[in-house]
Structure formats: structure tokens, C-alpha cells
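Structural features, examined
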Amino acid sequence: MPFSSFGLSEDLLQAINDAGYTTPTPVQIQAIPAILKGRDLLAAAQTGTGKTAGFILPILQRMAQTTFSRNRPLRALILTPTRELAAQVGESVKKYGAHQNPRLKSEVVFGGVKINPQMMRLRGGVDLLTATPGRLLDLVNQNAVRLNKVEILVLDEADKMLDMGFIKDIDKLLAFLPKKRQNLLFSATFSSDIKKLTRDLLVNPVKINVDPENIAAETIDQLVYTVNKTSKTALLTHLIKTNNWQQVLVFTSSKHGANRLTEKLNAARIKAAAIHGNKSQGARTSALAGFKSGEIRVLVATDVATRGIDIAQLPHVVNFELPRSSSDYVHRIGRTGRAGQNGQAVSLISEDEYPALLLVEKLIGIKIPREQISGFEAK
Ligand code: AMP
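Rules and cut-offs
Residues numbered from 1 in each chain as written. Predicted model: local features only at pLDDT ≥ 70, side-chain atom pairs only at ≥ 80, totals over all residues. Heavy atoms only, no water. Helix = DSSP H or I, 4+ residues; strand = E, 2+ residues; numbered from the N terminus. Rg over C-alpha atoms; globule rule 2.2 N^0.38 Å. Buried < 20%, exposed > 50% of the residue type's maximum accessible area, 1.4 Å probe, protein only. Contact = heavy atoms within 4.5 Å. Core = buried A, V, L, I, M, F, W, Y, C linked by side-chain atoms within 4.5 Å. Expected span 1.5 Å × (residues − 1). Arc of directions from axis to C-beta. Domains from an automatic or database assignment. Buried area = accessible area lost by both parts, 1.4 Å probe. Salt bridge = Lys/Arg side-chain N within 4 Å of Asp/Glu carboxyl O. Polar contact = N/O pair within 3.5 Å; in protein donor to acceptor, adjacent residues only side chain to side chain.

Remarks on the overall build of the chain
The number of helices and strands found in the chain is 15 helices and 14 strands. On C-alpha atoms alone, the chain measures out to a radius of gyration of 21 Å, which is about the 21 Å that the 2.2 N^0.38 rule sets for 379 residues. Expressed as lengths along the three principal axes of its C-alpha atoms, the size of the chain is roughly 70 × 45 × 40 Å. Within the chain, the proportion of its 379 residues that are buried is 56%. Looking at the chain alone, contacts between residues at least 24 apart form 75% of all its contacts between residues at least 6 apart.

A few points about the nonpolar core
If you look at the biggest cluster of nonpolar residues, it comprises 35 residues, and the most contacted ones within it are Leu8, Leu41, Phe55, Leu57, Ile59 and Leu184. The set of elements that each furnish at least two residues to this core consists of α1 (10–19), α2 (26–36), β1 (41–44), α3 (51–65), β2 (76–79), α4 (83–96), β5 (152–155) and β6 (182–187). The contacts of Leu184, once residues within four sequence positions are left out, are Ile35, Arg39, Leu41, Phe55, Ile59, Ile152, Leu153, Val154 and Leu155. Ranked by size, the runner-up nonpolar core spans 34 residues in total, among them Ile115, Met161, Leu162 and Phe166.

Here's the deal with helix α11 (residues 255–267)
Between the first and last C-alpha of α11 there are 19 Å, a value that for 13 residues agrees with the 18 Å anticipated at 1.5 Å per step. Inspection of α11 places Gly257, Ala258, Leu261, Thr262 and Leu265 among the buried residues, and these make up the whole buried set. Relative to the axis of α11, the buried residues are bounded by an arc of 135 degrees and lie together on one face. Away from its buried face, by an angle of more than 90 degrees, α11 presents the exposed residues His256, Glu263 and Ala267. Tucked into the core, α11 has its buried residues touching α10 (232–243), β9 (248–251), β10 (272–275) and β11 (298–301). Phi for Arg269, located one or two positions after α11, is positive at around 65 degrees.

Structural notes on the domain arrangement of the chain
Per the domain assignment, the segments of the chain are domain 1 (3–209) and domain 2 (220–371). On the side of domain 2, 19 residues touch domain 1, which itself brings 16 residues to the contact. Here domain 1 meets domain 2 over a buried area of about 1600 Å², counting both sides, of which 50% is carbon and sulfur. Its largest share of buried area at the contact with domain 2, domain 1 owes to Thr47, Glu84 and Lys160, together 31% of the area lost on that side. Here domain 1 and domain 2 share two salt bridges between them. The closest approach of N and O atoms between Glu84 and Arg284, which form a salt bridge, is 2.8 Å. Where domain 1 meets domain 2, there are two residue pairs in polar contact (both at pLDDT 80 or more). The leading source of residues in the side of domain 1 that touches domain 2 is α4, at four residues.

Structure follows, in C-alpha cells:
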């Protein structure tokens, strides 16, 4: 099925062509027609499935079909859990809308940076806004933006927004939106809280890929190395060096742990950088850029810092520690094996983590093969 069969406008097809996409991904095949028809959507889709283009392309098409009014009320709102994901979605909006005429005005706002420049950028109105919930609420409360003309609302990575405690902010924001609108909700996992949110928010939604067995992308090879806690750093160093891994994303459970591991890797002459919530936005952006360009070989990160980060064809993801929640495991390994590429997700598991491993396996519905490396066996 070619992209041209969706009835997307020429300028969007041109942008798809510029991006080098030849065929739509399964999520896109299902999401694009449903969104174009104006339907609500409930999509079980993790990062790497092409979900971002799956909602941005039809939103841009719908927005271009309605006329611009002079005072540019906000018409499409995309909520994301983290600044990184917001920035990335914002870039995708610009990329896919590059040939539209007239061009939509789009902006991105998130917390952790000064609010005033964001207020300035919202002056004069924007058509499409990508935002994290807390900062958007601040901006609404300061009258920098009004939400009463929003036609399309997207909740991207809704499960993570709830995990991060954004539900109160989201509820407050919803109260500012008009009752009649199109709602699109994307989530990798479906806890009872998410199910409640979908019941409250969505009207007769088209459901996509809600099969829990599909939760871990099939193109990801998953492997567990059982190892003593104290040998994890040595094992990781060994794996990177002997397998000559060049681009590795490593997850730790704490910011402190991320810093410590980064220092040890650098001491072992493996170029590493850490990204987590205590790092400034500038430090995070430059670490990510260095990682993408290949200058930094290992990016050590906590869950929150990496939500939705798009690194094309990332070959290796390592869980230095298992995450606290099993759904985070699914999100983490979603950084690899994206859009049809093969990827490998390795977890270094010490004895105290076995119960958490069983919970992960229950969620993804498969038993992950266990291996040991000689010299690093768990005792
Ligand atoms: P996402 O799941 O939205 O984060 O997208 C994951 C990656 O897939 C991004 O790097 C996109 O640029 C890429 N992508 C999206 N749609 C396609 C497609 N139809 N063909 C190839 N790559 C795609």
C-alpha cells in the first residue's frame, strides 16, 4: 500500500518523499484514514512504530482543509510527557509541514526553561502547539494561550504522562477545551488508569493494535545476562569492547547511578555521556547530538530523560538495572528495532531483580532467554 492511497495532499506526499519513506508502517496504515475521517483514536503504539507521522500527517491535512481565521486560534494541541519528546514532535511537525502553503504556525513549549520567551512566541497566535502539561497549564493561567478553539487533541505516550503524575494537570487543561473535538490517544501500555482516561476522553474510538501480545516489537532480540550486582560495570565494559558495540543506550534506575557508570565507562576509554533530569537542557541536547553523530558511544540515561527520543536504527539497548515498572521496560526496548530495523535489548540482571524480571515477562508474554558470560557468572 503506497502513501498516495490515503488521499494526502501533494505537499505532504512531497515531505514523505523527502523523509525517504516508501511504505507506511502498520500504525500509519490504520491511523491515517481514521484521523482523516475525524474519528477519535485509541492506539497501542510505542516509539519506533512510526506513530508520530501517523498522527501528524493527517492532522496537517485536516488543518489545511479548514480556513485560517485572522486571529489564529490554537486548533491542534499535542501533549507529551517530556521536553525531549515535545521537541521531537515539534520537529516532525515542521518536517512534514515543510511544503504546506500557507504554512501552519507551530510552536513547542515545555518546562525547565524560562517561560517569557515562550509567551512571546505564542503572541499573535499559533495553529498547532506541542506542549508538556505543566508548562502549558502555566501558560494558560497567564493568558498566553487559549484552548477554547482546539479542534484536535493528541495525548502522546499517555501512560508515561500518568506515570509522571500529570493527570491533575491534564484534567485541568481538558476543562479549557471545547467539548466537541477530535481526540487521539497513544499509549504503549494499558493500566487501569489509562483505561479510565480513555473512557472519559474518547468517543467511539477506532482502536489500533490493542493486542497485548504485540507489546514488544518483534524485531527486537531480547536477552538476559545473569550477573552479580558488583560485576555489572565490568560485564558491560566487556560486552561493549568484545562485541565492538558502537552506539549503545544504557538505562540506569537512578541519576546518581547514571553519573557513576558514565565515569567508569570513560575511565575504561569508552566515550560515554549521561542524560537525566538533573542535567541542564543544554547538556542533554548536546549529549544527545553527540550520541546521534557517533562521537559519543554510550548514552547512559534514566527513563524520564529518554521518553520518546528518536534515534534512528539504534542497535543496542542495555538495561543496567530493570526499571521499577514493567511498562518502562517496554518503552526502553522500544528505542531499538524501530521501523523494521533489527535491534538488541540486553538486561543485566542480579538476583534481587528476578521478581521484577518475572513481572516484565508476564507483561510481554514471553520468557526472555538467560545467558551467562564466562568470568562474569552470577554466584
Ligand atoms: P516514531 O515511532 O514516530 O518515533 O518513528 C520512529 C522512526 O520511524 C522515526 O525515525 C521516523 O522518521 C521513522 N518512520 C516513520 N514512518 C516511517 C515510514 N513509513 N517508513 C520508514 N521510516 C519511518
